[in-house]
Structures are given as C-alpha cells and as structure tokens.
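Structure at a glance
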Amino acid sequence: MRQLLLVTGGAGYIGSHTCVELHRNDYDLVVIDNFSNSKPAVLERIGRITGRHPTWYEADLRDRAALDRIFSQYRFAGVLHCAGVKSIAEAERDPLKYYQNNFEASMCLIEAMAHHNVRRLVFSSSATVYGESARAPYREEAPLAPNTVYGRSKMMVEEVLHDLVHADPSWQIAILRYFNPVGAHPSGLLGEDPNGIPNNLMPYICQVAIGKLNELAIFGHDYPTPDGTGVRDYLHTVDLAQGHVRALQHLFSNPGLATFNLGTGRGYSVLEVVRAFESASGCKIPYRFAPRRPGDIANYFADVTRAAEVLGWRAQRGLAEMCADSWRWQSLNPDGYR
C-alpha cells in the first residue's frame, strides 16, 4: 500500500519539483496551496510528467478549520512543508507578511499535525538562518544569527521544532537549509514563475534573455570576492527535490530531529552565473551594477558532508545544466504558466 503524504506549497517552485520526485518514488500526494505565488496549472503539469495527478486543495495554512477538514479526511504518513514567502528584500519592507506566512502558518500546520497524530515532518528552511556570524563553508553547527527578516522567520520555526522534539521525542523532523535553488525540470514543463519583477538571480537573467526586462541589475560589485560580485551556492532544483525524498526516507527509521544543508558545496559569483547562462543559451545578458541590498553578504556556500554521510545525498547537476534547464523552461514558457 502506497504511503500518503501532505505537501504544503506543492504548486510552488520547490514544492512542484518535490512532488515529481515523490511520485517517482511511489508516494501518493495531497497538496495544499493558496496560489499566492503559484498557479493551479502547475499541478496538471506534474501529472503530465509523472502520469499521476496529486489531489489538491486551495487553502491558506492559517485557516485552521480548512486544515482540520483536510487532516480529518486523510491518514498522512508525513508532511513536507514547502509553503512560504521568500524574498529577502520584500521581507525588509513588509515584515508582518513574512512572520504571518512563514511563522504563523507553520504554527497552524504543526498544531494540526499534533492534533491528528501526524508527527513526521520535513521542513523547508534556509541558509539565511546563518547570517554574517558564520564563515563559509557553513556547517549545520554554525551559530544562527540571521540579519534579515526572512532568515529570522525561518529560524523562529526551527527553534519551535527543536522545542517540540525536546518535549516529545516521538516526533521525526528533518530541517533542510536550502542554499540557492535554480534550474528547472528538464522536460521544460516546470520552472520558476515569480509574480512581478523577479527577486532571485536566475529568473531575472531568464527574463532579460527572453526580452521581458532590459538588463540585469547586479547588486554590489565591491565585495571581497574574486570579481567583486556576491558568491552563492547555486543548487539545481531537481537535486534539491531529491534531497527532500532522502530526508523523508531517513525519518521513517530515525526519530528525533536532524538538520541538513542542501547545496553543492561550492560557490559561483553573479558574473560567473551570467557567463554560464550566456554560454548555455546563446543570449547576451546586458547588466549594470547597482548598490548593495540590505541583508546581502559577500560569500556563502555549504558544507554538505552531513547530507552525504547520513542521507547518501549529493548534488549531481552543475552550473551548466542549471543554466540550460532554466533557459529551456523560459524559452518554452515565455509567459510562465499563463
């Protein structure tokens, strides 16, 4: 009998790729999404890729009554919590939105899980919980001192999860600290389709390449890095999705809480990404330098030893493949899912 999982934010960028990999590993899925930054068409495309369509509900995680109805209807073997908002810049302008959507919504979900005796959770966290106090490569034991609202909203959920396991060791929880997910499904059917002007580098580059934006703004060119632009650990979204599957499988035989970095273990500068994308796409990407953004740091990349040793997971796809898959998605879907 197949195990049934709940995926929050399953129509989103990370959630949709995770649904594909979960289907490939023979799990049945129920998706909750409020479609604030995603579209129902994504779920139909998951079905086209896998031959299996997830059951889905349009609901906000802060709607406790909706959660109770869904949890009462199914017997879930676990929850993968991918829902949330993720723009560092927007979070500084609108902190309440981030504490409500990332922290309050997570509390409502965890309360529903506890009430319905579902105690297996994979939580989407972020490398931004480390902040400037850590030094690359970041290890999971590094002190947490996020210098952004977004990072704090994720750290607050992590702290609750630690307290939860301390009070009740029957919980099985994996915290996944993402570095910088990019890329798209190789079919070209799934990719990143943000509302408005993109906040993240790769979709911004893609929209310049497709002609929707005139040029790329590179925020900061005087960082202490080889070319002065920020260095990040970019990770293919398919590799990231497969990391979710490995983390879930680990929980079935390992109670308690474990935290894992998911990255490649190396960094690329913004200009390196631009050059790699130009090579993969054949498109010239005009750019200009702009002032640094609040909260950005010069250089971060992951120590991925724990994920390799405990989960048997390593990223398999390099920067060239990340860029090629991103361009395939954008060129086949110039208007995204619309």
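Each residue is numbered by its place in its chain's sequence as written, counting from 1. Owing to the predicted nature of the model, reporting of local features is limited to residues with pLDDT of at least 70; listing and counting of side-chain atom pairs is limited to 80 or more, with chain, interface and lining totals taken over all residues. Excluded from the side-chain calculation are hydrogens and water; included are all heavy atoms of the structure.

Looking at an unreviewed UniProt entry, one finds the protein named UDP-glucose 4-epimerase, with Chitinimonas lacunae as its source organism. UniProt positions are given in the numbering used here, feature names are shortened, and annotations may be inferred rather than shown by experiment. In its Subunit (unreviewed entry) section, UniProt records this for the protein: "Homodimer." Per UniProt, the protein carries the Sequence similarities (unreviewed entry) text "Belongs to the NAD(P)-dependent epimerase/dehydratase family."

This part covers the sheet that holds strand β4 (residues 78-81). Reading across from one edge, β3-β2-β1-β4-β5-β6-β11 is the order of the 7 strands in this open sheet, with parallel pairing throughout. Here the strands that pair on one side only, and so sit at the sheet edges, are β3 (55-58) and β11 (256-262). With strand direction ignored, the average angle separating the axes of adjacent strands in the sheet is 15 degrees. Pairing between strands is defined by DSSP: at least two bridges between the two strands are required. In this text, helices come from DSSP runs of H or I with a minimum length of four residues, and strands from runs of E with a minimum of two, each type numbered from the N-terminal end. With 7 bridges connecting them, strand β5 (residues 120-126) and strand β6 (residues 172-178) associate as parallel partners. Note on geometry: axes are C-alpha line fits, over the in-contact stretch for helices, and angles between N-to-C directions span 0 to 180 degrees.

Turning our attention to the packing of aromatic side chains. Working definition: a ring pair exists when centres of Phe, Tyr or Trp rings (six-membered ring for Trp) sit within 6.5 Å. Plane angles under 30 degrees give stacked, over 60 give edge-to-face, the rest tilted. Enumeration over the complete set of coordinates arrives at 12 aromatic pairs. With 5.6 Å between their ring centres and 55 degrees between their planes, F179 and Y300 make a pair best called tilted. With F179 in the loop between β6 and β7 (180-182) and Y300 in strand β14 (residues 299-300), this pair connects stretches of sequence that are 121 residues apart. Since its relative accessible area comes to 5%, F179 is described here as buried. Exposure is judged per residue with a 1.4 Å probe applied to protein chains only, and the accessible area is read against the type maximum: over 50% gives exposed, under 20% gives buried, and values in between give partly exposed. Given a relative accessible area of 10%, Y300 falls into the buried group. When the ring of Y287 is compared with that of F289, the centres are 5.6 Å apart and the planes differ by 65 degrees; the resulting orientation is edge-to-face. According to the relative accessible area criterion, Y287 is partly exposed, its value standing at 38%. Classification of F289 by relative accessible area gives partly exposed; the value is 36%.

Moving on to the sheet that holds strand β12 (residues 268-269). Each strand in a sheet pairs with another by means of backbone hydrogen bonds, the pair being arranged parallel or else antiparallel. Strand order across the open sheet formed by 3 strands is β12-β9-β14, with mixed pairing between neighbours. Of all strands in the sheet, those bounded by a partner on one side alone are β12 and β14. Relative to β14, strand β9 (residues 231-232) is paired through 2 bridges, and the arrangement is parallel. Residue pairing for β14: R232 is matched across the bridge by Y300.

The next thing to look at is the environment of R69. Mapped onto the elements of the fold, R69 is located in helix α3 (residues 64-73). The exposed category is assigned to R69, whose relative accessible area is 55%.

Another aspect to go through is helix α6 (residues 149-167). In this model α6 runs 27 Å from its N-terminal to its C-terminal C-alpha over 19 residues, within 8% of the 27 Å that 1.5 Å per residue would give. Within α6, the full set of buried residues consists of V149, Y150, G151, S153, K154, M155, V157, E158, L161 and V165. Contacts are assigned to residue pairs with any non-hydrogen atoms lying within 4.5 Å of each other. Close packing links the buried residues of α6 with α4 (88-93), α5 (95-115), β5, β6 and β11. Each helix should span, by expectation, one fewer than its residue count multiplied by 1.5 Å.

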